[in-house]
Amino acid sequence: MDINKILSSLEAKHPGEKEYLQAVREVLLCVEDVYNEHPEFEKAKIIERMVEPDRIITFRVTWVDDNGEVQTNLGYRVQFNKAIGPYKGGIRFHASVNLSILKFLGFEQTFKNALTTLPMGGAKGGSDFSPRGKSDAEIMRFCQAFILELWKNLGPDRDVPAGDIGVGAREVGYMYGMYKKLVDECTGTFTGKGLDFGGSRIRPEATGFGALYFVENMLKMQNDSIKGKTVAISGFGNVAWGAALKANELGAKVVTISGPDGYIYDPDGVSGDKIQTMLDLRASGEDIVEPYIEQWPNAKFFPGKKPWEQKVDIALPCATQNELDGDDAKQLIANGVKMVAEVSNMGCTPEAIDAFIESKTIYAPGKAVNAGGVATSGLEMSQNAMHLQWSAEEVDEKLHYIMNSIHDQCVTYGTEPSGYINYMKGANIAGFMKVARAMMEQGVL
Ligand code: 2IT
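The sections below set out a description of the structure shown in this document. Note that the structure is a prediction, hence the values are computed from the model and not measured.

What about the overall build of the protein?
For the protein, the count of helices and strands is 17 helices and twelve strands. In terms of overall size, the protein behaves like a compact globule, its C-alpha atoms giving a radius of gyration of 21 Å where 445 residues would be expected to give roughly 22 Å. Across its three principal directions, the C-alpha atoms of the protein cover 60 × 50 × 45 Å. Sorting the 445 residues of the protein into buried and exposed places 58% on the buried side. In the form shown here, the protein has an accessible surface area of approximately 17,800 Å², with 51% of it arising from carbon and sulfur atoms. The protein carries 46 positive and 59 negative side-chain charges, and their two centres are separated by 3 Å.

Considerations on the pairing of strand β6 (residues 230–233)
Judged from the three bridges that link them, β6 and strand β7 (residues 253–259) form a sheet pairing that is parallel. The residue of β7 that forms the bridge with Ala 232 is Thr 256. In this fold, β6 hands off to helix α9 (residues 238–249), which returns the chain to β7; that crossover is right-handed. As paired elements, β6 and strand β10 (residues 314–316) share three bridges and run parallel to each other. Residue Val 231 lies in a different strand from β10, and its bridge partner there is Ile 314.

As for the sheet that holds strand β3 (residues 87–93)
One open sheet accounts for five strands, arranged β1-β2-β4-β3-β5; its pairing is mixed. What marks the edges here is a single partner per strand, and that holds for β1 (55–64) and β5 (159–162). If you compare each strand with its neighbour and ignore which way they point, the axes differ by 20° on average. Here ten bridges tie β1 to strand β2 (residues 70–81), and the two strands are oriented antiparallel to one another. Considered in β2, the bridge of Arg 55 is made with Gln 79.

So, unusual backbone geometry
Of note, the phi angle at Asp 287 is positive, near 65°, even though the residue is not glycine. Tracing the backbone shows Asp 287 in the loop between α10 (273–283) and α11 (292–295). By relative accessible area, Asp 287 is classed as buried at 18%. Its identity is not glycine, yet Asn 322 carries a phi of approximately 55°, on the positive side. Along the polypeptide, Asn 322 turns up in the loop between β10 and α12 (326–334).

Observations concerning the site of the ligand
In the neighbourhood of the ligand, 13 residues make up the surrounding shell, with Lys 88, Lys 112, Asp 164, Arg 203 and Ser 377 lying closest. Between Gly 163 and the ligand, the recorded distance is 3.1 Å, taken from a backbone N or O atom to a nitrogen atom. Between Ser 377 and the ligand, the recorded distance is 2.5 Å, taken from a side-chain N or O atom to an oxygen atom. The fraction of the free accessible surface of the ligand (290 Å²) that becomes covered by protein chains is 93%. Every element with two or more residues in the shell around the ligand is listed here: β3, α5 (99–115) and α15 (371–386).

What to know about the nonpolar core
Counting 63 residues, the largest nonpolar core has Phe 214, Val 215, Met 218, Ile 233, Leu 316 and Ile 406 as its most contacted members. By residue number, the principal contributor to this core is helix α8 (residues 203–221), which donates nine residues. Residue contacts for Leu 316: discarding those within four places in its chain leaves Leu 212, Val 215, Val 231, Ala 232, Ile 233, Ser 234, Trp 308, Ala 341 and Val 343. Counting 41 residues, the second largest nonpolar core, distinct from the first, contains Met 1, Leu 28, Tyr 35 and Leu 105.

Overview of helix α2 (residues 18–36)
Under the 1.5 Å per step criterion, the end-to-end length of α2 is 26 Å for 19 residues, consistent within 8% with the ideal 27 Å. The largest bend along α2 measures about 45° and falls at Cys 30.

Describing the environment of Arg 132
In this structure, Arg 132 sits in the loop between β4 (122–127) and α6 (136–150). The exposure class assigned to Arg 132 is partly exposed, which follows from its relative accessible area of 46%. Separated by 38 residues in the primary sequence, Arg 132 and His 94 place their C-alpha atoms 8.5 Å from one another. Those residues within four positions of Arg 132 in sequence are excluded, and the remaining contacts are Gly 285, Glu 286, Asp 287 and Ile 288.

Describing the sheet that holds strand β11 (residues 339–341)
What the seven strands build is an open sheet, ordered β9-β8-β7-β6-β10-β11-β12; its pairing is mixed. Two strands in the sheet have a free side with no partner beyond their single neighbour: β9 (300–303) and β12 (362–364). Here the strands of the sheet are splayed against their neighbours by 15° on average, with no regard to which way each runs. Across two bridges, β10 lies against β11 in parallel orientation. Paired with Ala 315 across the strands is Val 340, a residue of β11.

A look at the pattern of salt bridges
For the coordinates displayed, the defined rule picks out 22 salt bridges. Lys 124 is the partner of Asp 164 in a salt bridge, and the nearest nitrogen-oxygen pair spans 3.0 Å. In this pair, Asp 164 sits in the loop between β5 and α7 (169–183) while Lys 124 sits in strand β4, placing the two residues 40 residues apart along the sequence. The residues Asp 164 and Lys 124 share a single accessibility class, namely buried. With a closest N to O distance of 2.9 Å, Asp 224 and Lys 229 form a salt bridge. Classification of Lys 229 as buried rests on a relative accessible area of 9%.

Section: the packing of α9 against α10
At their nearest, the axes of α9 and α10 sit 10 Å apart, and the two run at 180° to each other. When the axes of α9 and α10 are compared, the pair comes out roughly antiparallel. Contacts from Ala 240, Trp 241, Ala 244, Leu 245 and Asn 248 in α9 reach Ile 275, Met 278 and Leu 279 in α10. Among the residues forming the contact of α9 with α10, the class breakdown is seven nonpolar, one polar and no charged.

The rules behind the values
Residues numbered from 1 in each chain as written. Predicted model: local features only at pLDDT ≥ 70, side-chain atom pairs only at ≥ 80, totals over all residues. Heavy atoms only, no water. Helix = DSSP H or I, 4+ residues; strand = E, 2+ residues; numbered from the N terminus. Rg over C-alpha atoms; globule rule 2.2 N^0.38 Å. Buried < 20%, exposed > 50% of the residue type's maximum accessible area, 1.4 Å probe, protein only. Areas by Shrake-Rupley, 256 points an atom, 1.4 Å probe, with all protein chains shown as cover. Lys, Arg positive; Asp, Glu negative; His and termini not counted. Charge placed at Lys NZ, Arg CZ, Asp CG, Glu CD. Pairing = 2+ DSSP bridges. Right-handed = clockwise from strand over helix to strand, strands pointing away. Axes fitted to C-alpha atoms, helices over the stretch in contact; angles between N-to-C directions. Near = heavy atom within 4 Å. Polar contact = N/O pair within 3.5 Å; in protein donor to acceptor, adjacent residues only side chain to side chain. Core = buried A, V, L, I, M, F, W, Y, C linked by side-chain atoms within 4.5 Å. Contact = heavy atoms within 4.5 Å. Expected span 1.5 Å × (residues − 1). Bend = angle between axes of the 7 residues up to and from the residue. Salt bridge = Lys/Arg side-chain N within 4 Å of Asp/Glu carboxyl O. Parallel < 35°, antiparallel > 145°, perpendicular 65-115°, else oblique. Nonpolar A, V, L, I, M, F, W, Y, C, P; charged D, E, K, R; others polar.

Here it is, written out as structure tokens:
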């Protein structure tokens, strides 16, 4: 395989899609050696087929705001790969959403879902609609208009969306409600639904909980434990919340959270009622963390800054792609960080990852660390198919098992002769091999 040739042809075909090209480059660099050991993959043009989505659906979403004004947004669903199972992946509502971002997310999702051990293909969708400052009625009308276009491409064994940035239980509820009205069937085609109508217990916490189970495994490999460790978290959404909750429960001390306006450093730890403060800040719809210090005056707000300048044992990016860059990585390394686990999708830039790996800092990528979210979505699909609801203990036990298994796969494929575990390589090779085998066995499609 000539990676540079494949990448330059992709660049020519999809100019300017920088996040998508970044995600593809990372995977190809990691799988190059194993790919070359399998001439049958090259003959079947597995890479060329895998890097292009099966299909992209784009549509216009028109809705009426509270002032009676007509608004138009763009809507997308990137159905990336269904070699392993139905298309599965979240929906993102954020002003920054574009095709490059959704293609990178759909591509990543394909390998992540492969790692979960569950039969799910990869997809992602969303809109450039910004929920910031919108009323509940506006959110509902937007969600309904979005589904009015997308519903015909969805189904429990076809494509099952869920939440992502800007899409939580409220938005999933409105979208699923409209979907059900249109198809007149109660096949739980969305995950992340409310508990009273087919949702799974632990799904809201699952991404953060799963990430911490993964981090526990990473520490265990170093004969270490999470007890007493200081943790920097970025973001203050659903994922950051779940991660903070579990980190506290396991005996770590979370010292930061962040928003688009800057970050909070809380020397006493973001714990107890402060975790509820995070949810309240999120629910306010303002997308800022500064008001935290009004309630907890011991904490400090750093406007326009990122939490990576603080000295901590563990860094957990939980906000969005490329939120931790090369300079941030150097700062963390200089401050003696022990471990960096991406909870956001592609949270670290390639320069940051290079810095971690060069300095043998333990780093794990989002597609392994945050897979507990979609894995629990897979468990929600199982419960829906069986028309029953499992207890929290049952779901948590399965989530634990899945995260351990993802960690094992990373160790198997990512341990270098020196003993250093390259989790990025491990996750990419393990995910790639499963998708590649599934594609090979099902013929040229
Ligand atoms: O990035 C992700 O894995 C998600 N946003 C969750 C996707 C899902 O289908 O639960």
